[in-house]
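# Reading the structure
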Amino acid sequence: MKIAVIFLSIFIFFGNSCKKDIPEFSEKDQELVSAYLMENQKIMEEMLKDKPQIRWDQFRELNQKFVVSEHSKIAEWGQKISVLIPKESTNLEESFESISKIQEILSEIRVLVPGQSAFNKFYCPMVDKYWVMKGRQIQNPYAPEMRDCGEIIP
């Protein structure tokens, strides 16, 4: 029994020492994230229109601020997202997979960075896609014929 307790103690010690802690997010970091999520909100709202004209310029510019951030986790997110941002000339429907992957990263951001509780993660099983938007109202940006299809994911 004593041996089991010793091994368990050693396992817990090494398990906790290997865990990488995320540095705290400064107020400046939180403001950058808020601006980023608001720009995403604009893109999601544009996708709800009959003939969306998505402009990625502002989102791409904010993402560049993520990439060069002094906060290691924000820089990591920025790098992951930078390869997923659709090109301006890309067909919107062809971009849905990349957009959904961006939304999954944004969902992680909204959970880990304080002050982002106004945003929620949604999922539509019919199109198998995620999105992040303000509020709790389901507005599926991927399927015009199913705008109310989806659910909030914690």
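Residues numbered from 1 in each chain as written. Predicted model: local features only at pLDDT ≥ 70, side-chain atom pairs only at ≥ 80, totals over all residues. Heavy atoms only, no water.

## Brief notes about unusual backbone geometry
- Located in the positive-phi region is aspartate 128, a residue other than glycine, with phi close to 55°.
- Tracing the backbone shows aspartate 128 in the loop between strand E1 (119-124) and strand E2 (129-134).
- Assessed through its relative accessible area of 48%, aspartate 128 is described here as partly exposed. (Helix = DSSP H or I, 4+ residues; strand = E, 2+ residues; numbered from the N terminus. Buried < 20%, exposed > 50% of the residue type's maximum accessible area, 1.4 Å probe, protein only.)

## Examining the pattern of salt bridges
- The final tally for this structure, using the stated rule, is seven salt bridges.
- As a salt-bridge pair, lysine 49 and glutamate 46 come within 3.0 Å of each other at their nearest N and O atoms.
- Lysine 49 sits in the partly exposed class, given a relative accessible area of 47%.
- With relative accessibility at 16%, the residue glutamate 46 sits in the buried group.
- Among the salt bridges present, the one from glutamate 76 reaches lysine 73, with a minimum N-O distance of 3.2 Å. In this pair, glutamate 76 and lysine 73 both sit in helix H4 (residues 72-82), three residues apart, roughly one turn of the helix.
- Within this structure, Lys73, Glu76, Lys80 and Glu108 form a network of salt bridges that share partners. (Salt bridge = Lys/Arg side-chain N within 4 Å of Asp/Glu carboxyl O.)

## Details of the packing of helix H2 (residues 27-47) against helix H5 (residues 92-112)
- Where H2 contacts H5, the two axes come as close as 12 Å, and the packing angle between them is 150°. The angle between H2 and H5 falls in the class roughly antiparallel. Our pair here, H2 against H5, has a crossing hand that is left-handed. For the pair H2 and H5, contact is made by Val33, Tyr36, Leu37, Asn40, Met44 and Met47 and by Leu92, Phe96, Ile99, Gln103, Leu106, Ile109 and Arg110, respectively.
- For the contact of H2 with H5, the residue count by class is ten nonpolar, two polar and one charged. (Axes fitted to C-alpha atoms, helices over the stretch in contact; angles between N-to-C directions. Parallel < 35°, antiparallel > 145°, perpendicular 65-115°, else oblique. Left-handed = near helix turned anticlockwise from the far one by under 90°. Contact = heavy atoms within 4.5 Å. Nonpolar A, V, L, I, M, F, W, Y, C, P; charged D, E, K, R; others polar.)

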